[in-house]
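This is what each chain is made of:
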Amino acid sequence: MQIELLKFPYSYMEYEKELQIRELKVLLPDVEILSDTKHSTIISGETISADNLKELTYYCAYILDGVRSPTHQGLYEQDNTMRVVKQHTRYSTHGLHEYKGKFNPQIVHAIANVFGVQRGQAVLDPFNGSGTTLVECAHAGIEAYGTDINPLACFISNTKVTALKMDMVKASSRLQELKRVLAQPVAIDFTEGDERLNYLYSWIPRETLCILESIRQEVENDEPAIRDFFLVIASDLIRDYSYQEPSDLRIRRRKSPFPEIKFSDAFFQNACKFMKKIEQVQSI
Ligand SMILES: C[S@@+](CC[C@H](N)C(=O)[O-])C[C@H]1O[C@@H](n2cnc3c(N)ncnc32)[C@H](O)[C@@H]1O
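Residues numbered from 1 in each chain as written. Predicted model: local features only at pLDDT ≥ 70, side-chain atom pairs only at ≥ 80, totals over all residues. Heavy atoms only, no water.

J.: Give a description of the site of the ligand that names residues and reports values.
T.: Residues in close proximity to the ligand total 14 residues, the closest being Tyr99, Gly101, Asp125, Thr132 and Asp148. Here an oxygen atom of the ligand and a side-chain polar atom of tyrosine 99 are 2.5 Å apart. At 3.0 Å from an oxygen atom of the ligand is found a side-chain nitrogen or oxygen belonging to threonine 133. Coverage of the ligand by the protein amounts to 70% of the 600 Å² it exposes when considered alone. (Near = heavy atom within 4 Å. Polar contact = N/O pair within 3.5 Å; in protein donor to acceptor, adjacent residues only side chain to side chain. Areas by Shrake-Rupley, 256 points an atom, 1.4 Å probe, with all protein chains shown as cover.)

Structure follows, in structure tokens:
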């Protein structure tokens, strides 16, 4: 049996080329590599597991008997226009919240393959950051645990994983309800001397704070997956809509103008974008 494995159309880094060959040898140990070019690898073998072919990270598809089938990674990295133009690192729930120092999801997936991690085994990421490892394990059906000293990192990670199983019909209907509520956000009672509010007002415009508070109140009693999904979407926007200079990692007052699009519109746009991504992952 001879199979052509098709690579993604972007250039691979040296470490990716090495991971690509190493995971091939682990997932398909009995095959012979007949040729390896920029665009594809041709392999041959007596028996080749279709399940393992689909797990390859650095191939978007394979051709067997003239029939082209996508790998899981090929499906994840496919954008809405059905083209793959560059390596996507924000597919699925990976891009749900900014976090400095994320792994590329592809690295995690490839390393799990190289280690031969399988269903029934467990993975621990003791410094889980915003959860790239945990999400990749969830995709593969591998039990995974994470810890992090930063509570926000734990919150984002848990949300990214639970959002994968979110009931999309319920989530869509809650989003419609949020639209109705945010048309008239709550007014926050400003009491002089309230240290917490004074602090928040010094960093976030009142109008934005009222929208944030409305979102928080509205989703408070929702099931955790849906509640946290909307909270994380809102949280990811706060920096851009605060008095902090968004591009500066240090604490600096902003000099750049606020985004032109309103906070609530950005919130709805991002919620819709990620709901589409989650539906795509659920279908895979
Ligand atoms: C680069 S991130 C990890 C990325 C993550 N492994 C992934 O899959 O994307 C490093 C994380 O280590 C966490 N960290 C640093 N020191 C720690 C400690 N002593 N205990 C737990 N977490 C720690 C930081 O809070 C940060 O979130």
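Having seen the model, we can carry on.
J.: Outline the state of the cysteines, listing residues and values.
T.: Applying the stated criterion across every chain yields a total of 0 disulfides. Note on cysteine 154: no disulfide assigned, nearest cysteine sulfur contributed by cysteine 137 at a separation of 16 Å. (Disulfide = S-S within 2.5 Å.)

J.: Can you break down the domain arrangement of the protein chain residue by residue, with the values?
T.: Once the domains are mapped, the protein chain shows domain 1 (2-77), domain 2 (105-163) and domain 3 (168-283). In this assembly, 12 residues from domain 1 lie in contact with 9 residues from domain 2. Buried surface at the junction of domain 1 and domain 2, both sides included, amounts to about 1000 Å², of which 60% is carbon and sulfur. Its largest share of buried area at the contact with domain 2, domain 1 owes to Leu19, Glu55 and Tyr76, together 34% of the area lost on that side. At the boundary of domain 1 and domain 2, one finds 6 residue pairs in polar contact (both at pLDDT 80 or more). No other element matches helix α1 (residues 14-27), which puts 6 residues into the side of domain 1 that touches domain 2. Across the side of domain 1 that touches domain 2, the residue classes break down as 6 nonpolar, 2 polar and 4 charged. (Domains from an automatic or database assignment. Contact = heavy atoms within 4.5 Å. Buried area = accessible area lost by both parts, 1.4 Å probe. Helix = DSSP H or I, 4+ residues; strand = E, 2+ residues; numbered from the N terminus. Nonpolar A, V, L, I, M, F, W, Y, C, P; charged D, E, K, R; others polar.)

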